[in-house]
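Structural description and commentary
Each chain is listed here by its residues.
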Amino acid sequence: MKKNLNKFFKSTVLTSSLLTSCLVGISASAQNSFPITFIAVNIAGDNDGFNVGKFQVPDKNTTVSAGGGLRRYDAHMAKMFEVTHHECQSPDFNYRGISWGYEADNGNIDMGTFNITCKLARDIAQAYGLGKAQATNIIYYRAENVVNIPTLNITGDKVNKWLNFVQGFKPRKSRY
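So, here's what we can say about the structure.

The next point concerns the packing of helix α3 (residues 118-128) against helix α4 (residues 158-168). The interhelical angle for the contact between α3 and α4, taken along N-to-C directions, is 160°, at an axis separation of 11 Å. The angle between the axes of α3 and α4 places the two elements in the roughly antiparallel class. Residues L120, I124, A127 and Y128 of α3 form the contact with α4, whose participating residues are K158, K161, W162 and F165.

Overall, the coordinates contain 12 aromatic pairs when judged by the stated rule. Seen in terms of ring centroids, F55 and W100 are 6.3 Å apart; in terms of plane orientation they differ by 90°. Their pairing is edge-to-face. Placement of F55 in strand β4 (residues 51-56) and of W100 in strand β7 (residues 97-104) is noted, with a sequence separation of 45 residues between them. For the pair formed by F55 and W100, the shared burial category is buried. Ring geometry for F55 versus Y102: centroids 5.8 Å apart, planes at 70°, classification edge-to-face. Of this pair, F55 sits in strand β4 while Y102 sits in strand β7; the two residues are 47 residues apart in sequence, bridging distant segments of the chain. You'll find F55 and Y102 in the same group, each marked buried. Ring pairs connect the aromatic residues F55, Y73, F81, W100, Y102, F114, Y128, W162, F165 and F169, which therefore count as one cluster. For K161, the ring lying beneath its charged end belongs to Y128, and the centroid distance is 5.2 Å.

The rules behind these values
Residues numbered from 1 in each chain as written. Predicted model: local features only at pLDDT ≥ 70, side-chain atom pairs only at ≥ 80, totals over all residues. Heavy atoms only, no water. Axes fitted to C-alpha atoms, helices over the stretch in contact; angles between N-to-C directions. Helix = DSSP H or I, 4+ residues; strand = E, 2+ residues; numbered from the N terminus. Parallel < 35°, antiparallel > 145°, perpendicular 65-115°, else oblique. Contact = heavy atoms within 4.5 Å. Phe/Tyr/Trp six-rings, centres within 6.5 Å; stacked < 30°, edge-to-face > 60°. Buried < 20%, exposed > 50% of the residue type's maximum accessible area, 1.4 Å probe, protein only. Lys NZ or Arg CZ within 6 Å of the ring centre and 35° of its normal.

Structure representation (structure tokens):
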């Protein structure tokens, strides 16, 4: 299955104009943007009841500043939570959440697999609040879409709270 997913992503990246990196903002406080190679969701379900998603960025170093006191890694995590929260709102979404494969350096650095449940995404959205919706490029079943997704309001005293949360939010252990 992993081989087929890799084939899918390679063909998607080759045929997708997202390879040129879309720009997606970080939060209401950090008006800077950071590049994302692509975000793909609704690929398939896994054995644990999660939808499978892929979050790939061109950054070789995800510890560089993303603005607003966040590193790009922190902003990437926020975007995965935002997209998960958005997807979980759909009445057609029949999964526990999204299992994100996170890759840096255009897929050359495996950053881990992060399971974000709908409940956790909802709890995070309630804890931080949601700001203005932002156009986000997402690939659904090989089709590119622009979806308006509210951003987490990671501002002021919430920045340190987010940094602490992200530091403790570890990738799942591989079963392979």
